[in-house]
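Understanding the architecture of this molecule
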Amino acid sequence: MPITADDKLLIHFPFPPPDSFFDAIAKRFPQLRVHFELAPLANHHITNADELPDEVWEGVTMLALLPPPSPERMKNVKFVQLGSAGWDLWLDHEAFLNKDIAFCCSSGVHPPQIAEWAIGAWLAHAHHFRTYMAQADEELWAMQLGLTSKTTDSVGLRMGIMGYGTIGRQVARLANALGMEIYVQTLSPRPTPESKRLLEYTVPGTSDPDGLLPAKWFSGAGPEAVNNFLSQDLDVVVLSLPMSAQTRGCIGAEQFKILGKKKPFLINVARGPIVDTPALVEALESGLLRGAALDVTDPEPLPKGHPLWKAPNVFITPHISWQSTRLTERITDVILKNLERWDKGEPLLNRIKR
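The protein appears in an unreviewed UniProt entry as D-isomer specific 2-hydroxyacid dehydrogenase from Trichoderma arundinaceum.

Next comes the structure, spelled out in C-alpha cells:
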C-alpha cells in the first residue's frame, strides 16, 4: 500500500531520533507527514501517548511508540512499529486484536547490549568481581585464596537458553566464543535448516542467523516440556522467551527443584512474571541456584524491603540491559526499512504473528 499525502507518522519515544533519520524520511517519502514527541519517564514508566494534544493525533495513520494508547486514539491507524522487542502490554488491546492493523516489534535492535549484560553478569559472578570491587573500595589488596575452588571458567559448561530469538542467539554466540555448549528450547520444533533460520532484523555481524550453534534443540510448551529441558544438566540458564499466558510462571518451585540437581546460574532478560518470585527467593536461599542475574523482576519496580534484594548471590538491575548509544540508530533503521516495505507492498520486518 503506497504511502500517500494522507498518511501521518507519529513517533513517541523517550529519546530523539537522529537528524539523519528525519532527513532520510523527507528525501524518500516527501509526501509523508512526520511528527515526533518526546516521551518522558514518570514514576519509572514511559509517558503514554494518550496525553498528547488532540491536534497531534489528528490524521495519524502510522505509529512508532512503546506503551499502548487508547483504542480511540488509534481509529485511523493502519501500521504500528513498537519500540520494544516484546508486546505483552498489547495482548488484550482492541487495536492489537484487529488483524487489519499491522504490528511490528523492534526485535533485533537489543541483542548486542542485552547479550553483553547477560554474559557480563555471568562472568562477574563466576570470577567474584563484586568481592574484589568491594575490596578495591577499601583500598585493600588481598588475594582470596578461598575463592579458588569457587572460581569457574566457561569452557565446557552447558548453557540452556529458553527462547531462541534474536537475543537468545546473540547470547549463544558470545557463550560459544567462551567455549560453552549450547542447548535451546523453543515453543515450536525446528527440524529443518529453513525452520532454524532467523527472519527478523539482525545487526550485521551478530547472532546465529542460521541456527547452527545449538548442540541440541528442544521444543514444546507446558510443564512437561519445560521440565525436560531444565533436566539437561545445565550450568547456566538464560530466559529470553516472550511473555505470554503460556510462559507466565513457567519457572516455579517444581522447576527450581529440578535445577537444584546441578545448581546452575539463572539469567533473566525476558520478563519478571515468567519466574515465580517467592520460589526464586527460596531457590537462592536454599542453594538450589548458585546465583542469579535479573534485569527484570516481578513486581517491577522491585520495592524497597522486598526479600529478593537480600537473597544470596543475586545481581539485580532496573530493566536497563537494553540501553545502548546505538539503540536509536537501530530502531530508526527498522522504521525506515518497514516504511520502504510498506510503500512497496513487501512483507514487513518483525511483523508480529497474532
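So, on to the packing of aromatic side chains. Scanning all chains against the criterion turns up eleven aromatic pairs. Taken together, a centroid distance of 5.3 Å and an interplanar angle of 65 degrees make the contact between F21 and F22 edge-to-face. Ring centres of F22 and F36 lie 6.4 Å apart, and the angle between their planes is 65 degrees; this geometry places the pair in the edge-to-face category. Taken as a pair, F22 in helix 1 (residues 19–28) and F36 in strand 2 (residues 33–38) lie far apart in primary sequence, 14 residues in all. Among the aromatic residues, those joined into a cluster by ring pairs are F21, F22 and F36. We note K196 situated over the ring of W217; from NZ or CZ to the ring centre the distance is 5.4 Å. Here the guanidinium or amino end of R354 rests over the ring plane of F96, the centre of that ring lying 5.2 Å away.

A separate point is the pattern of salt bridges. The full count for this structure, using the stated rule, is 13 salt bridges. R271 is the salt-bridge partner of D88, the closest N and O atoms lying 3.2 Å from each other. You can see D88 sitting in the loop between strand 6 (79–82) and strand 7 (102–104) and its partner R271 sitting in the loop between strand 12 (265–268) and helix 9 (277–286), a full 183 residues away along the chain. Judged by its relative accessible area of 23%, D88 falls in the partly exposed class. By relative accessible area, R271 is classed as partly exposed at 22%. Members of the salt-bridge network, linked through shared partners, are R28, E340, D343 and K344.

A separate point is the layout of surface pockets. Approximately 340 Å³ is the volume attributed to the second largest pocket. The set of elements that each furnish at least two residues to the lining of the second largest pocket consists of helix 3 (111–126), helix 4 (129–137) and strand 14 (314–316). At five residues, the largest contribution of residues to the lining of the second largest pocket is made by helix 3. Its residues assigned to classes, the lining of the second largest pocket shows nine nonpolar, five polar and one charged.

A few words now on the sheet that holds strand 13 (residues 291–294). Note: strands within a sheet are paired through backbone hydrogen bonds, in either parallel or antiparallel orientation. Strand order across the open sheet formed by seven strands is 10-9-8-11-12-13-14, with parallel pairing between neighbours. Taken across any chain shown, the strands that pair with only one partner, and hence form the sheet edges, are strand 10 (216–219) and strand 14. Taken pair by pair, the neighbouring strands of this sheet meet at an average axis angle of 15 degrees, ignoring direction. Pairing analysis gives four bridges linking strand 11 (residues 236–239) to strand 12, with the strands arranged parallel. From the neighbouring strand, V236 faces strand 12, where its bridge partner is F265.

Moving on: the UniProt feature "domain: D-isomer specific 2-hydroxyacid dehydrogenase NAD-binding" (unreviewed entry) in the protein. When the UniProt feature table is mapped onto this chain, "domain: D-isomer specific 2-hydroxyacid dehydrogenase NAD-binding" (unreviewed entry) is found at residues 120–193 and 232–321. Secondary structure within residues 120–193 divides into 39% helix and 15% strand; the distance between the first and last C-alpha atoms comes to 31 Å. Taken end to end, residues 232–321 is 23% helix and 17% strand, and its first and last C-alpha atoms sit 27 Å apart.

Another point: the packing of helix 1 against helix 11 (residues 327–344). Closest axis-to-axis distance for the helix 1/helix 11 pair is 10 Å, and the angle between their directions is 10 degrees. What the angle tells us is that helix 1 and helix 11 run roughly parallel. The residues of helix 11 that touch helix 1, namely those facing F21, A24, I25 and R28, are T332, I335, L336, L339, E340, D343 and K344. A per-class count over the contact of helix 1 with helix 11 returns six nonpolar, one polar and four charged.

About the criteria used
Every chain's residues receive numbers from 1 upward, in the order its sequence appears when written. Local features in this predicted model are restricted to residues whose pLDDT is 70 or higher, and side-chain atom pairs enter the listing and the counts only when it is 80 or higher, whereas totals over whole chains, interfaces and linings include all residues. Water and hydrogen atoms play no part in the side-chain values, which are based on all heavy atoms of the structure. Aromatic rings from Phe, Tyr and Trp, with only the six-membered ring used for Trp, were paired whenever their centres fell within 6.5 Å, and each pair was classed as stacked if the ring planes differed by under 30 degrees, edge-to-face if by over 60, and tilted otherwise. Helix and strand labels come from DSSP, where a helix needs a run of H or I of at least four residues and a strand needs a run of E of at least two; each type is numbered from the N terminus. Should the NZ of a Lys or the CZ of an Arg lie within 6 Å of a ring centre and within 35 degrees of the ring normal, that charge is described as sitting over the ring. When a carboxyl oxygen of Asp or Glu lies within 4 Å of a side-chain nitrogen of Lys or Arg, that pair is called a salt bridge. Only protein chains enter the accessibility calculation, which uses a 1.4 Å probe. A residue is then buried if its area is under 20% of the maximum for its type, exposed if over 50%, and partly exposed in between. Grid points spaced at 1 Å and placed over the protein atoms alone form the basis of the search, with a cavity being a set where a 1.4 Å probe fits but cannot get out and a pocket an open set showing protein on both sides within 12 Å along at least five of seven lines. Lining residues have an atom within 4 Å of a point. Grid points are joined across faces, edges and corners, and a volume is the space filled by probe spheres set on the points. Residue polarity follows a fixed list, in which Ala, Val, Leu, Ile, Met, Phe, Trp, Tyr, Cys and Pro are nonpolar, Asp, Glu, Lys and Arg are charged, and the others, Gly among them, are polar. One bridge is not enough; two strands pair if DSSP finds at least two bridges between them. Interaxial angle, 0 to 180 degrees, is taken between N-to-C directions of lines fitted to C-alpha atoms, where a helix line uses only the stretch in contact. UniProt positions are given in the numbering used here, feature names are shortened, and annotations may be inferred rather than shown by experiment. An angle below 35 degrees is read as roughly parallel, one above 145 as roughly antiparallel, one from 65 to 115 as roughly perpendicular, and any other as oblique. Here, residues are in contact when the closest pair of their heavy atoms is within 4.5 Å.

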